[in-house]
Amino acid sequence: MRRNVKELLTAAKDASELMLDLAFAAVFFDDDELAREVIRLEENMDATVHELRILCMVAARSPEDAEQLAGVLRMASSIEEIADAAEDIARVVLRDLGVPGELRDDLRHAQEVTARVKLRPDSSLAGASLRGLALPSETGMWVIAVRHDIDYEYGPGPDTVLAEGDVLFLQGPAEGVDLVRERAGGERYRLGVPQTQGRLSNLERAVDILIELKNASEAAVGLAYSAILFRDMGLAREVSGLEDTCDELYHDLEQWVLRAAGDLEDSELGELRALLQIGSSAEAISDAAQEMTRVAERPEEPHPVVAAALSKTDEIVADALVTAQGAAAGKTLKELRLHVGTGMEVLAIQRDGRWLYRPRPGRELAEGDRLLVIGPEEGVPQLRELTGDVRDQEPALP
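Residues numbered from 1 in each chain as written. Predicted model: local features only at pLDDT ≥ 70, side-chain atom pairs only at ≥ 80, totals over all residues. Heavy atoms only, no water.

K.L.:
Please set out the pattern of salt bridges residue by residue, giving values where relevant.
P.N.:
In the structure shown here, the tally under the stated rule is 18 salt bridges. A salt bridge links E80 to R53; its shortest N-O distance comes to 3.0 Å. Of the two residues, E80 sits in helix α3 (residues 63-94) while R53 sits in helix α2 (residues 32-59), which places them 27 residues apart along the sequence. E218 is paired through a salt bridge with K214; the nearest N and O atoms lie 3.1 Å apart. With E218 and K214 both in helix α8 (residues 201-230) and four residues apart, this pair spans about one turn of that helix. Residues E218 and K214 agree in their burial class; the two are buried. (Salt bridge = Lys/Arg side-chain N within 4 Å of Asp/Glu carboxyl O. Helix = DSSP H or I, 4+ residues; strand = E, 2+ residues; numbered from the N terminus. Buried < 20%, exposed > 50% of the residue type's maximum accessible area, 1.4 Å probe, protein only.)

Take a look at the structure:
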């Protein structure tokens, strides 16, 4: 059945975000199958964006229509650039360049990882609904997408029934991956701690910079969507600032990689090529995010289909203010366990006019903090009750 512009734009956005998660997960697990999923999604993306461009041209019946639909096409191009960057990251794994163990160590300290799990013939998950399986409470992992044969279901609901051969894409703590893999009939990853060598201190510094670059570029994408949906020029400026930060980080990465080259044998230089490729792709993602905000910066309203596509996806962006009336002030994100209690993930914290992106679990909240979060719409009232935010329970940012 032929899809409309809103459906195509939504599908492209969901696919690009999944590609980004899977690409970094492929690096984390050194998993060729995860990398191939990214390539498969990219092929679907090409077809989706091509169809979207055709529909936009057909739908433009006046200069005013064309002006508004130009914003849709700009968004589509930026989303496609993000997908292309994710594909480049995945190909680092498929080329067997070698990824430093230090990089996997740093990724392992992340609050969440993304994993791919296929249901085997002896899986205990086949034939059950996501509601019945209760994977979040039993494993800490949330199903963010399911591939049924060649069709992807983004943000599956609790009534989604799994079948043998389905491929699950999940997010959660690293220790939850093996729990799901066992229930799916697969083998454990049994992640070991890579050996580190003192002579790689320059490489360790390069890896730290790359992780910061990765986090900043991902935050830029989330904030760019928010800036467009809510026409928030403040958020658009934050994205621009993040893009500048990513440029500086990539410059620093190049310097530390060059220093690290003197510490390595010729046979190990592929690891440095991998770092530069991943860093270049992350920097390209921030460029695409900044380009996307041009839609919000134009004086005319974006085409209604843009807001419809962003607001009807399975996750929304919202905010919450931390006040003395709530229980959040003085507690860390880890203690609050927002993802478990509300389903919301903190993208950034605004404090004293400045944004802190992708805060770590140990970050303590203070009265006056503004949380920018992403998650299901029904989680917003719960989050605001926790933070003591007494504004009208509307998901949109002011």
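Moving on from the coordinates now.
K.L.:
Can you lay out the nonpolar core for me, pointing to particular residues and giving the numbers?
P.N.:
Formed by 108 residues in total, the largest nonpolar core has its most connected members in V72 and M75. Element by element, the count of residues in this core is highest for α8, at 17 residues. Among residues more than four places away in sequence, those in contact with M75 are Y225, I228, M292, V295, V306 and L310. (Core = buried A, V, L, I, M, F, W, Y, C linked by side-chain atoms within 4.5 Å. Contact = heavy atoms within 4.5 Å.)

K.L.:
Could you give an account of the environment of I54, with specific residues and numbers?
P.N.:
Looking at where I54 falls in the secondary structure, it is placed in helix α2. A relative accessible area of 31% places I54 in the partly exposed class. Considering only alpha carbons, one finds I54 and V5, 49 residues apart in sequence, at a separation of 9.6 Å.

K.L.:
How would you explain the side chain of T139 if you had to name every residue and give the values?
P.N.:
Among the structural elements, T139 can be located in helix α6 (residues 135-139). Reaching out from T139, the side chain makes a polar contact with the backbone oxygen of L135 at a distance of 2.7 Å. A distance of 3.2 Å separates a polar atom in the side chain of T139 from the backbone nitrogen of M141. Leaving out residues up to four positions away in the same chain, T139 has contacts with P173, G176, L179 and V180. (Polar contact = N/O pair within 3.5 Å; in protein donor to acceptor, adjacent residues only side chain to side chain.)

K.L.:
So what's going on with unusual backbone geometry? Which residues, and what values?
P.N.:
For D30, which is not glycine, the phi torsion reads 50 degrees and is therefore positive. Structurally, the position occupied by D30 is in the loop between α1 (5-29) and α2. Residue R337 is not a glycine yet carries a positive backbone phi of 50 degrees. In this structure, R337 sits in the loop between α13 (333-336) and α14 (338-341). You can call R337 exposed: its relative accessible area is 53%.

K.L.:
Describe the packing of α3 against helix α10 (residues 269-292), naming the residues involved and giving the relevant values.
P.N.:
It is at 9 Å that the axes of α3 and α10 come closest, and there the two elements cross at 170 degrees. Considering their axes alone, α3 and α10 lie roughly antiparallel with respect to each other. Contacts between α3 and α10 involve R74, M75, S78, I79, E81, I82, A85, D88, I89 and V92 from the former and A274, Q277, I278, S281, A284, I285, A288, E291 and M292 from the latter. Classifying every residue of the contact of α3 with α10 gives twelve nonpolar, three polar and four charged. (Axes fitted to C-alpha atoms, helices over the stretch in contact; angles between N-to-C directions. Parallel < 35°, antiparallel > 145°, perpendicular 65-115°, else oblique. Nonpolar A, V, L, I, M, F, W, Y, C, P; charged D, E, K, R; others polar.)

K.L.:
Account for the packing of α1 against α2, with residues named and values stated.
P.N.:
Relative to each other, α1 and α2 sit at 160 degrees, their axes nearing to 9 Å. Taken together, the axes of α1 and α2 lie roughly antiparallel to each other. Considering the relative orientation of α1 and α2, their crossing is left-handed. Split by residue class, the contact of α1 with α2 holds 21 nonpolar, two polar and three charged. (Left-handed = near helix turned anticlockwise from the far one by under 90°.)

K.L.:
Help me get a handle on the confidence of the model for the protein chain, residues and values and all.
P.N.:
Here the protein chain averages 84 in pLDDT, and 87% of its residues register 70 or above. Mean pLDDT values over the elements of the protein chain span from 64, in helix α4 (residues 101-108), up to 92, in helix α5 (residues 130-133). Note on residues 196-200: pLDDT under 50 across the span, and ten contacts to partners over four residues away in sequence or across chains. (pLDDT = per-residue confidence, 0-100.)

K.L.:
Please give an account of the packing of aromatic side chains that cites residues and values.
P.N.:
Taken as a whole and judged by the stated rule, the model has three aromatic pairs. Both rings, one in F28 and one in F29, keep their centres 4.3 Å apart while their planes meet at 80 degrees; by these two values the pair is edge-to-face. Its relative accessible area of 3% is what places F28 among the buried residues. Here the aromatic rings of Y152 and Y154 are separated by 6.2 Å at their centres, their planes lie at 10 degrees, and the arrangement is stacked. Residue Y152 is classed as buried on the basis of its relative accessible area of 14%. Cluster of aromatic residues (ring-pair linked, three or more members): Y152, Y154 and F169. The ring of F24 carries the charged tip of K214 above its face, separated from the ring centre by 5.0 Å. Taking NZ or CZ as reference, R259 lies 4.4 Å from the ring centre of W256, over its face. (Phe/Tyr/Trp six-rings, centres within 6.5 Å; stacked < 30°, edge-to-face > 60°. Lys NZ or Arg CZ within 6 Å of the ring centre and 35° of its normal.)

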